[in-house]
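Here is how the chains run, residue by residue.
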Amino acid sequence: MAIEQTPTERLAWECVYQAWEAGSQEEANGFFQDALRLDPDNVEARLWAARSVGERDETKALSMLRDTVTLAERQIGPEAFEELRGEFWGFVETRPYMRARVELARLLVDLCEEQEAIGHFQELLELNPDDNQGLRYELLPLFLFLRRAADARALLSRYPDEASAFFAWGRVLERYQAAGPEAAAAALPAARSENGLAEDYLSERLEIPTELPGYYSPGDENEAILCAELFGLAWLATPGAIEWLRSVGPRP
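None of these values were measured; they are calculated from a predicted model.

1. Side note on unusual backbone geometry
Next, step 1: You will see that Arg147, though not glycine, has its phi angle at about 60 degrees, which is positive.
Next, step 2: When you line up the elements, Arg147 lands in the loop between helix H8 (136-145) and helix H9 (149-158).
Next, step 3: A positive phi is found at Glu204, a non-glycine position, where the angle reads about 70 degrees.
Next, step 4: You can call Glu204 partly exposed: its relative accessible area is 43%.

Here is the structure:
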């Protein structure tokens, strides 16, 4: 697909590209401001503005993000949503919309509006089942936090070849919620195999550090910390789950 642009709109996008490549946040801010002045409807520049406002006023940022997502939908057009469904991320023109909608969903989570956030994550996965944005890792803990075990199981089944600590430990909790300790125990060896260190953080034997790691490798402690950060609230919200995990004894 191609969205027709005016010369001024193209200049605004040049500013956005320069912002992405800027050597400092201050320099990037300047380019984004230029983009917004040139084209107030530039989705990436509006997204930057919403993030900036969100540092001071999350409610205002929420309104800005809703407006930006609506604007981006209008720019893409209803026909493209039907024609490109299932391969949405494959088109550069759709990505600003997808990034804006993810930002909206994440802010909704921060504001404890999990049900609405789930709807956005689910629709984005329908548009892009390959999940280039990694949204399944954010959706699964939301389902488990709300104790929607059937939805969690459906999401796990949707990616049968997924091999990660995040899905493995999510499956343990899904089994606990859906079928109890014996079913969870059956899923435990696979989770320990993916990353046994995560168990120490999920069971609260170790405390999650205040500063989260910026990267991880499969099986390392950084992955364990990030896994516990993602799923910790879901384990806490499931009566008896953490006590059970502590009771199964130390991992081999």
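Resuming the write-up.
2. Thoughts on helix H2 (residues 25-38)
Next, step 1: Taking 1.5 Å of rise per residue, 14 residues should cover 20 Å, and H2 covers 20 Å from first to last C-alpha, within 8% of that figure.
Next, step 2: Considered for burial, the residues of H2 that qualify are Ala28, Phe31, Phe32 and Ala35. Mapping the buried residues of H2 onto a view down its axis gives an arc of 100 degrees, with all of them on the same face. Projecting away from the buried face of H2 at angles above 90 degrees are the exposed residues Glu26 and Arg37.

3. Quick word on the packing of aromatic side chains
Aromatic ring pairs are reported here in terms of the distance separating the ring centres and the angle at which the planes meet.
Next, step 1: The final tally for this structure, using the stated rule, is 11 aromatic pairs.
Next, step 2: On the numbers, 5.0 Å between centres and 35 degrees between planes, the contact of Phe81 with Phe88 is tilted. In this structure, Phe81 and Phe88 share a single accessibility class: buried.
Next, step 3: Following the ring pairs from residue to residue traces out a cluster consisting of Tyr137, Tyr159, Phe166, Phe167 and Tyr216.
Next, step 4: Positioned above the aromatic ring of Tyr159, the side-chain terminus of Arg136 is 4.7 Å from the ring centre.

4. Digging into the nonpolar core
Next, step 1: If you look at the biggest cluster of nonpolar residues, it comprises 66 residues, and the most contacted ones within it are Tyr97, Trp169, Val172 and Trp235.
Next, step 2: Excluding residues that lie within four positions of it along the chain, Trp235 makes contacts with Trp169, Val172, Leu173, Leu202, Ala241, Ile242, Trp244 and Leu245.
Next, step 3: Formed by 12 residues, the second largest nonpolar core is a distinct cluster that contains Val16, Ala19, Phe31 and Ala35.

5. Observations regarding the packing of helix H10 (residues 165-179) against helix H11 (residues 181-195)
Next, step 1: Running from N to C, H10 and H11 point in directions that differ by 175 degrees, and their axes come no closer than 8 Å. Classed by the angle they form, the pair H10 and H11 counts as roughly antiparallel. Only Pro181, Ala183, Ala184, Ala187, Leu188, Ala190, Ala191, Arg192, Glu194 and Asn195 of H11 make contact with H10, whose side of the interface consists of Ala165, Ala168, Trp169, Val172, Arg175, Tyr176 and Ala179.

Rules of the game
Residues numbered from 1 in each chain as written. Predicted model: local features only at pLDDT ≥ 70, side-chain atom pairs only at ≥ 80, totals over all residues. Heavy atoms only, no water. Helix = DSSP H or I, 4+ residues; strand = E, 2+ residues; numbered from the N terminus. Buried < 20%, exposed > 50% of the residue type's maximum accessible area, 1.4 Å probe, protein only. Expected span 1.5 Å × (residues − 1). Arc of directions from axis to C-beta. Phe/Tyr/Trp six-rings, centres within 6.5 Å; stacked < 30°, edge-to-face > 60°. Lys NZ or Arg CZ within 6 Å of the ring centre and 35° of its normal. Core = buried A, V, L, I, M, F, W, Y, C linked by side-chain atoms within 4.5 Å. Contact = heavy atoms within 4.5 Å. Axes fitted to C-alpha atoms, helices over the stretch in contact; angles between N-to-C directions. Parallel < 35°, antiparallel > 145°, perpendicular 65-115°, else oblique.

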